[in-house]
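Architecture and fold: a report
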Amino acid sequence: MTRTALAVLAAATVFLYLPLVVLAVFSFNDSALMAFPLSGFTLKWYAELAANASFHSGFVTSFLVAQPVGLLTMVIGLMAALALTAPGLRWRLAFGVMVLVPFLVPKSVLSIAQAMLLSRVFLDRGALALILAQTLVAVPFATVLVSAVLVRLDHRLIEAARDLGATPWQSFRLVLLPQLKGALAGAFSVGVILSLADLTIAMFLAGRTQPLSLIVASEFRRELRPDLNAMQVAVLALTVLIVVASESYRRLRARRRRRGLAVPAASRPVEALP
Amino acid sequence: MSLALGRRHLAIPVALFVGLGALAPLCVLVVFSVFTVDDFDLVPDLSGRAWAELVTSGTYRHLIGKALLSGAATAVITAIIGYPVALALARLPTAWKGVAVVVLLTPLYTGEIVRIYAWRLVLGAEGLVNAVLEGLGLVDEPLKVLLFTPFTTGLVLTYNNLPFMVLSIWVSAEMVDRRLIEAARDLGARPIEAFFKVVLPLTTPGLAAGIFAVFALAAGEMLTPSLLGGTAGATAMAMIDSLFGTAYDWPMASALALGLLAALFGCASLAAFLILRLKGARAVLGRAR
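Residues numbered from 1 in each chain as written. Chains lettered and ligands numbered in written order. Predicted model: local features only at pLDDT ≥ 70, side-chain atom pairs only at ≥ 80, totals over all residues.

**Concerning the overall build of chain A**
As a reminder of what qualifies: Helix numbers and strand numbers start at the N terminus; a helix is a DSSP run of H or I with at least 4 residues, a strand a run of E with at least 2. Backbone-placed C-beta atoms define the burial measure: a residue is buried with 20 or more other C-beta atoms within 10 Å of its own, exposed with 12 or fewer, and partly exposed in between. Working definition of a contact: two residues with C-beta atoms, positioned from the backbone, lying within 7 Å.
Scanning chain A for helices and strands turns up 12 helices and zero strands. Along the chain direction, N to C, the helices and strands of chain A fall in the order α-α-α-α-α-α-α-α-α-α-α-α. Expressed as a percentage of the 274 residues in chain A, the buried residues total 41%. Long-range pairs, those at least 24 residues apart, make up 78% of the contacts in chain A between residues at least 6 apart in sequence.

Below, the structure written as structure tokens:
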């Protein structure tokens, strides 16, 4: 690490976190006006937040929408990546471009077009439409994540497993899947994150479902308010907590595995392939 | 493959999902763009009215041009800022890379509207920047140019899209074989020469992917310009939204959306074509094949 590299990273971190820090500072500031100079420390905005029922229901809704989006994104992203990197796929380029379409088309154009389509078919705007549309936008990210790992894997491992008599399903489950765990966790989080952060799709497709982003947007348009700051800080703290917890869990497991591999490595494949 | 159904057949359900979710709605746009609105009801009477208006109206052409310009400018700025950041990240010790990903992506966890709102606190008349400038005695009264101007839009679009650009270049930079750089140095290249002759060419695919992605993301953004751009914040997207929602002119909304898409993809393909002609991109993509 050179000193320049460190300075670059420090500057980038400051740029990325400056607005969030200011947001957090004002959530503890004892004044309804959000202006410098600061006027003292308070927790009353958090107390107001805790008493606000519409935020609660919005938070629960967002959470309930984000989980299926994460799961679907992971599964469809895995399927797309497996197909994209499969030997003998015809129309590979066309398929790759097709998967990227939801990413390349501006979200608002796509959502408006989807809303127009929904006006003519049996599916209504609402939670299901929202989940599917958010998944669609997250799938390109997941596909890229998983494919990036797939192309780097040693395909001789798969061939070896097949030569030793594993069925395609066994070779997938016992050889490929364990190596994809990290990428799949990443795909899941991308789905959850994009769903939580989304406002554009929800604006057009949520129907009567009210995720947090819609509630916040209608409040923000009117005025700046410290209890909204408090809420953003709470949500942010929660997400960071989840991310840090899952990351440290992953590291712990990786360390254990490394330690475990040093002992009797020879017995492991036997129990792995029944 | 012993089974008739192979891994490649997973492409079929995925294609169906994307087809129904993205391609079908886009086809609906094409169909609706030639329909007519009659008393707040969309009727299938074919008419080229919307397309004629799109071609003749200066407003629509201006808005599409503005979207392309904003996308291109954001892509170039994020590339210039993001490139050194991505290279620095690639040099981090492995143990720190996981942390760096979290640090880089956390700002994206906040919703679009939150980021917009947070920047108002930073750039407003009583915001952080003006408070600091006044405290240092550099300005007598708050700078007005910081908020609700094209400058604000540019800054926040850069902020929103920087992580995507950094990630994209970073992936490419990680794949550069360090021995190539060492070889260049051993053969007498100065660090700056090694950068321009080895690192930069080998990271062009990541750079291209980043520019492509950020271009599409920034050009289609609606909320940031309309909430932070002030009077100059009118965008093609906001126009489509109001044609769709308020004016109930779905044919015009469809035609404008398709026009914007055509312009976007025209520019994106041109950029991709130019970048794929570069030597470095060919070397990397050739190796991957």
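Okay, back to it.
**As for the nonpolar core**
The nonpolar side chains of a soluble globular protein tend to be buried with one another. What counts is decided by this rule: A set of buried residues drawn from Ala, Val, Leu, Ile, Met, Phe, Trp, Tyr and Cys, joined through C-beta atoms within 7 Å, is what defines a nonpolar core.
By size, the foremost hydrophobic cluster in this structure holds 154 residues, and its most contacted members are A:I112, B:V14, B:A86, B:I240, B:L256 and B:A257. Top element by residues in this core is helix α3 (residues 53-84) of chain A. It accounts for 14 residues. Among all residues touching B:V14, those that are not within four sequence positions of it are A:I76, A:M79, A:A80, A:A83 and A:V99.

**Some words on helix α7 (residues 150-175) of chain B**
For the α-helix, the turn length of 3.6 residues means that residues three or four positions removed from each other point alike. Selection criterion: To estimate the expected span of a helix, count its residues, drop one, and scale the result by 1.5 Å.
Compared with the 38 Å implied by 1.5 Å per residue over 26 residues, the 37 Å span of α7(B) between its first and last C-alpha is a close match. Of all 26 residues in α7(B), 19 are buried, a share of seventy percent or more.

**Examining the interface of chain A and chain B**
This is how the line gets drawn: Think of it as three bins: nonpolar holds Ala, Val, Leu, Ile, Met, Phe, Trp, Tyr, Cys and Pro, charged holds Asp, Glu, Lys and Arg, and polar takes everything else, Gly as well.
Contact residues are listed per partner, giving 62 residues for chain A and 62 residues for chain B. Secondary-structure elements contributing two or more residues to the side of chain A that touches chain B are α1 (3-27), α3, α4 (92-104), α5 (107-118), α6 (127-152), α8 (168-197), α10 (212-222) and α11 (226-262) of chain A. Per-element tally for the side of chain A that touches chain B: the top contributor is α1(A), with 13 residues. Residue composition of the side of chain A that touches chain B, grouped by class: 53 nonpolar, seven polar and two charged.

**Side note on α1(A)**
All names here are of chain A. The cut-off we apply is this: At any given residue, the bend is defined as the angle formed between two axes, one fitted to the seven residues that end at that position and one fitted to the seven that begin there.
The terminal C-alpha atoms of α1 lie 35 Å apart, and with 25 residues this matches the ideal 36 Å at 1.5 Å per residue to within 8%. Its axis deflected by about 45° at Y17, α1 carries its strongest bend there, up to four residues before the proline P19. Taken together, the buried positions of α1 are occupied by L9, A12, L16, P19, V22, L23, F26 and S27.

**Things to note about unusual backbone geometry**
Positioned with a positive phi, A:W91 is a non-glycine residue whose angle comes to about 55°. Structurally, A:W91 can be placed in the loop between α3 and α4. Positioned with a positive phi, B:Y248 is a non-glycine residue whose angle comes to about 50°. Mapped onto the fold, B:Y248 is located in the loop between α12 (236-244) and α13 (250-276).

**Focus: the confidence of the model for chain B**
Residue and element names in this part refer to chain B. Operational definition: The predictor rates its confidence in each residue with pLDDT, a number between 0 and 100.
Of all residues in chain B, 93% have pLDDT values of 70 or greater, and the mean over the chain is 83. Mean pLDDT in chain B bottoms out at helix α14 (residues 279-288), which sits at 60, and peaks at helix α1 (residues 11-33), which reaches 92. Of the two predicted TM-score estimates for the complex, the pTM is 0.80 and the ipTM is 0.82.

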